[in-house]
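Each chain, written out:
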Amino acid sequence: MGKNKLKKFNDIAQMDCVVECPFAMLSDEGFPMRGKWNETFFKNKGKIVLELGCGKGEYTVGLARRYPECNFIGIDIKGARLWTGAKEVTSCNIPNAAFLRTTIDLLPKFFAPSEVSEIWITFPDPQMKKENKRLTGTRFMELYRRVLAPGAMIKLKSDSQFLYEYTLAMAAHNGITVAQSSHDLHNDPSAPDELKQIRTFYEQQWLDRGLTIKYISMIVPEENTPALTEPEVEIPFDTYRSYSRGEIPGQEPK
């Protein structure tokens, strides 16, 4: 492991805004703040919003600045990525933003039923060949509704046409209400400003390559409703991911 990564791991270990829990403790004793994030950590009654696979935490930090009345938690397993957002939260003293270093599979271990008011999924790997790893696949959607409050929203931003079409098909198949969708967010006049102004590292990269950004917001049924099932659809795979960095599909390589 490089010295830079080791330094970042050491840094985040000292940051109050970063939460980690050893797996052994999680298994034996459980997470002590489960169901008590507002009471114990944020010390307020604001709604809790998660950003899954948050990477550098651009959305976690951006939303926290924009909505000080809510509490935002970025989740990622890679501490070196979290460091960027955590450093900004620490240096700028942003009280309503935090980061949790864990895998998304363990969400119900860290959050109690109905503790979460909203989930953001920003530019995940579309996992075109592995639906059980797809963050809008039914396996993960079942996990989300174990922690989401009734009527809570899940919001997806993606560069992937495959994931966009799949998520719409999954929602339609399971009777999930789609509140809003856009296949070209940055050219959609009806889209809220926050969706365009807060950009992740990957979002800007895709925009620079000439790709459009897709957006879906949906209301997930409560946990006690019928189990979600996968749609039987065939969706063309994205092809542009095989291009080298900076090359735009449809143009000659530079």
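Provided above is the structure to which this section pertains.
Parameters and conventions
- Residues numbered from 1 in each chain as written.
- Predicted model: local features only at pLDDT ≥ 70, side-chain atom pairs only at ≥ 80, totals over all residues.
- Heavy atoms only, no water.
- Helix = DSSP H or I, 4+ residues; strand = E, 2+ residues; numbered from the N terminus.
- Rg over C-alpha atoms; globule rule 2.2 N^0.38 Å.
- Buried < 20%, exposed > 50% of the residue type's maximum accessible area, 1.4 Å probe, protein only.
- Contact = heavy atoms within 4.5 Å.
- Areas by Shrake-Rupley, 256 points an atom, 1.4 Å probe, with all protein chains shown as cover.

## Some thoughts on the overall build of the chain
Phase 1: Counting secondary structure elements, the chain contains 10 helices and eight strands.
Phase 2: What you see for the chain is a C-alpha radius of gyration of 18 Å, in line with the 18 Å of a compact globule of 254 residues.
Phase 3: Projected onto its principal axes, the C-alpha positions of the chain cover 50 × 45 × 35 Å.
Phase 4: Looking at the chain as a whole, 52% of its 254 residues qualify as buried.
Phase 5: Long-range contacts, defined here as pairs at least 24 residues apart, represent 77% of the contacts in the chain between residues at least 6 apart.
Phase 6: Carbon together with sulfur atoms contributes 50% to the accessible area of the chain, which is approximately 12,900 Å² in total.

## Side note on unusual backbone geometry
Phase 1: In this structure, Asn 93 is a non-glycine residue whose phi angle is positive, near 55 degrees.
Phase 2: Inspection of the secondary structure puts Asn 93 in the loop between helix H5 (79–92) and strand E4 (97–101).

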